[in-house]
Amino acid sequence: MSAPLKDLLRTSDLSKADIELLLETASKFAKNPLRAKKALAKRTVAIYMTKSSTRTRLASETAVAHLGGTPIFLRGDDLQIGRGETISDTAKIISGFCSALIVRTFAQSDVNELGKYASIPVINALTDDDHPTQLLADWLTIREQFGKDIKNRKFVYVGDGNNVAAAWLIMGATMGAHVVVATPGGKWAPKSSVVEQANKIAKQSGAKIEVVTDPKEAVTGASVVYTDVWMSMGDSEADRSEKIAALSPFAVTNDLMKLTAKDSIFMHCLPAHRGEEVATDVIDGAKSVVWRQAFHRRTTIQALLYHLTKGDLKGNK
Ligand code: CP
Ligand code: NVA
């Protein structure tokens with residue numbers, strides 16, 4: 001038997017069976033947040049963030065508390081890492097005190113290194129390249145709307161080809177979905193390595209992957225329209241005007257939503273910039289499920305902590 005999955009470093013670490021288990025447990029935590037209130041009793045979880053966060057921090061701290069543990073929040077400059085202590089030494093020290101590490105930072109390679117040297121589970125809470133915990137919340141929200149039968153449904157991300165777009169492709173591929181990512185292409189397209197990986201997963205799962213540059217064609221008949229901010233944390237301000245101009249046709253407006261399926265929903269990981277990537281009447285309108293999505297950040301992180309610390313996940317290896 002292969003070893004259980006230790007960390008969630010990338011969205012691609014999760015198998016479909018892992019995701020199904022996590023969504024099922026998260027649904028239970030949605031109904032009863034305290035159903036495993038001793039799972040992390042007398043244990044601590046470090047939450048280390050070098051980028052801002054509203055939802056992920058609140059969801060993570062609340063999830064730990066609901067499992068009976070104590071969260072220890074560490075801001076970027078709180079640790080000696082900023083003064084030259086190595087990532088590997090830091091990982092070993094945190095492993096001596098805590099039962100898991102949730103980390104949000106810039107470079108994916110830093111999170112990978114923490115995973116390599118920590119003996120405890122390390123969870124990627126967003127990097128420049130990926131946002132796996134977000135996608136668990138997103139897919140639980142999708143499941144609640146449409147159930148398990150996703151045949152003949154199209155799941156469309158519109159906007160910047162960023163970390164969330166990458167995670168959208170990989171998660172959709174793993175779930176066997178028809179996923180579309182529409183971006184202006186060029187500098188703002190998803191990384192070709194991610195698209196390749198999504199296609200590779202799709203060959204096994206039966207998913208259909210499309211990466212396109214026409215937002216109208218992309219959303220026509222869509223069940224889900226998903227977008228994210230145009231300027232991500234860490235993006236170069238020097239690119240702002242060029243980027244906003246390129247992305248303007250990708251704004252999710254009511255006109256764009258009119259092209260979607262009758263029962264379509266609008267999704268956004270938040271924070272949102274009304275009037276940029278999404279119109280106010282869309283995000284605050286009847287099709288928007290953004291608050292349910294945000295609610296599920298806690299339920300899914302709680303499920304992830306619960307199963308990862310018990311060694312229940314199998315991973316993809
Ligand atoms: N969606 C999300 O990750 O939000 P925060 O940046 O507020 O954590
Ligand atoms: N793409 C955004 C997501 C924020 C949750 C960022 O990285 O800033």
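Details of the structure are given in the entry above.
First, a word on scope: everything that follows refers to the structure included in this document. In this text the structure is predicted, and so the values were computed from the model without any measurement.

Digging into the site of ligand 1
Stage number 1. With respect to spatial proximity, the complete set of residues near ligand 1 consists of Ser53, Thr54, Arg55, Thr56, Arg104, His131, Gln134, Cys269, Leu270 and Arg297.
Stage number 2. In this structure, an oxygen atom belonging to ligand 1 sits 2.8 Å away from a side-chain N or O atom of arginine 104.
Stage number 3. Measuring from a nitrogen atom of ligand 1, one finds a side-chain N or O atom of glutamine 134 at 2.9 Å.
Stage number 4. Relative to its free-state accessible area of 260 Å², ligand 1 is covered by the protein chains to the extent of 95%.
Stage number 5. Broken down by class, the residue content of the shell around ligand 1 amounts to two nonpolar, five polar and three charged.

Concerning the site of ligand 2
Stage number 1. Surveying the vicinity of ligand 2 reveals the residues Leu126, Asn162, Asn163, Asp228, Val229, Ser232, Met233 and Leu270.
Stage number 2. The separation between a nitrogen atom of ligand 2 and a polar side-chain atom of aspartate 228 is 2.6 Å.
Stage number 3. One nitrogen or oxygen atom from the main chain of methionine 233 is found 2.8 Å from an oxygen atom belonging to ligand 2.
Stage number 4. Surface burial for ligand 2 is 95%, taken as the share of its 270 Å² of free accessible area covered by protein chains.

Quick look at the pairing of strand E8 (residues 224-227)
Stage number 1. Side-chain alternation along E8 places Val224 and Tyr226 on one buried face and Val225 and Thr227 on a second face that is also buried.
Stage number 2. Here strand E5 (residues 154-158) pairs with E8 via three bridges, running parallel. Residue pairing for E8: tyrosine 157 is matched across the bridge by tyrosine 226.
Stage number 3. Bridge analysis of E8 against strand E9 (residues 265-268) gives four bridges, and the strand direction is parallel. Residue pairing for E9: valine 224 is matched across the bridge by isoleucine 265.

Considering the pattern of salt bridges
When the charged atoms of two side chains lie near each other, side chains of opposite charge can form a pair.
Stage number 1. For the structure on display, the rule yields 17 salt bridges.
Stage number 2. The residue lysine 243 makes a salt bridge to aspartate 235 at a minimum N-O spacing of 2.7 Å.
Stage number 3. By relative accessible area, which is 3% here, lysine 243 ends up buried.
Stage number 4. For aspartate 235, a relative accessible area of 28% gives the class partly exposed.
Stage number 5. Via salt bridges that share partners, Lys16, Glu20 and Arg143 belong to a single interconnected network.

Brief notes about the packing of aromatic side chains
Stage number 1. Applying the stated criterion across every chain, the model contains four aromatic pairs.
Stage number 2. Taking 5.9 Å as the distance between ring centres and 80 degrees as the angle between the ring planes, the aromatic pair formed by phenylalanine 29 and tyrosine 306 counts as edge-to-face. One end of the pair, phenylalanine 29, is in helix H1 (residues 16-31); the other, tyrosine 306, is in helix H12 (residues 290-310), and 277 residues separate them in sequence.
Stage number 3. A centroid spacing of 4.8 Å and a plane angle of 50 degrees characterise the contact between tryptophan 168 and tyrosine 226, whose relative ring orientation is tilted. Remark: tyrosine 226 occurs in strand E8 and tryptophan 168 occurs in helix H6 (residues 163-174); sequence separation between them is 58 residues.
Stage number 4. Judged by relative accessible area, which is 0%, tyrosine 226 ranks as buried.
Stage number 5. A network of ring pairs unites the aromatic residues Tyr157, Trp168 and Tyr226 as a single cluster.
Stage number 6. The ring centre of phenylalanine 106 lies 4.7 Å from the NZ or CZ of lysine 51, which sits over that ring.

How each quantity is defined
Residues numbered from 1 in each chain as written. Chains lettered and ligands numbered in written order. Predicted model: local features only at pLDDT ≥ 70, side-chain atom pairs only at ≥ 80, totals over all residues. Heavy atoms only, no water. Near = heavy atom within 4 Å. Polar contact = N/O pair within 3.5 Å; in protein donor to acceptor, adjacent residues only side chain to side chain. Areas by Shrake-Rupley, 256 points an atom, 1.4 Å probe, with all protein chains shown as cover. Nonpolar A, V, L, I, M, F, W, Y, C, P; charged D, E, K, R; others polar. Buried < 20%, exposed > 50% of the residue type's maximum accessible area, 1.4 Å probe, protein only. Helix = DSSP H or I, 4+ residues; strand = E, 2+ residues; numbered from the N terminus. Pairing = 2+ DSSP bridges. Salt bridge = Lys/Arg side-chain N within 4 Å of Asp/Glu carboxyl O. Phe/Tyr/Trp six-rings, centres within 6.5 Å; stacked < 30°, edge-to-face > 60°. Lys NZ or Arg CZ within 6 Å of the ring centre and 35° of its normal.

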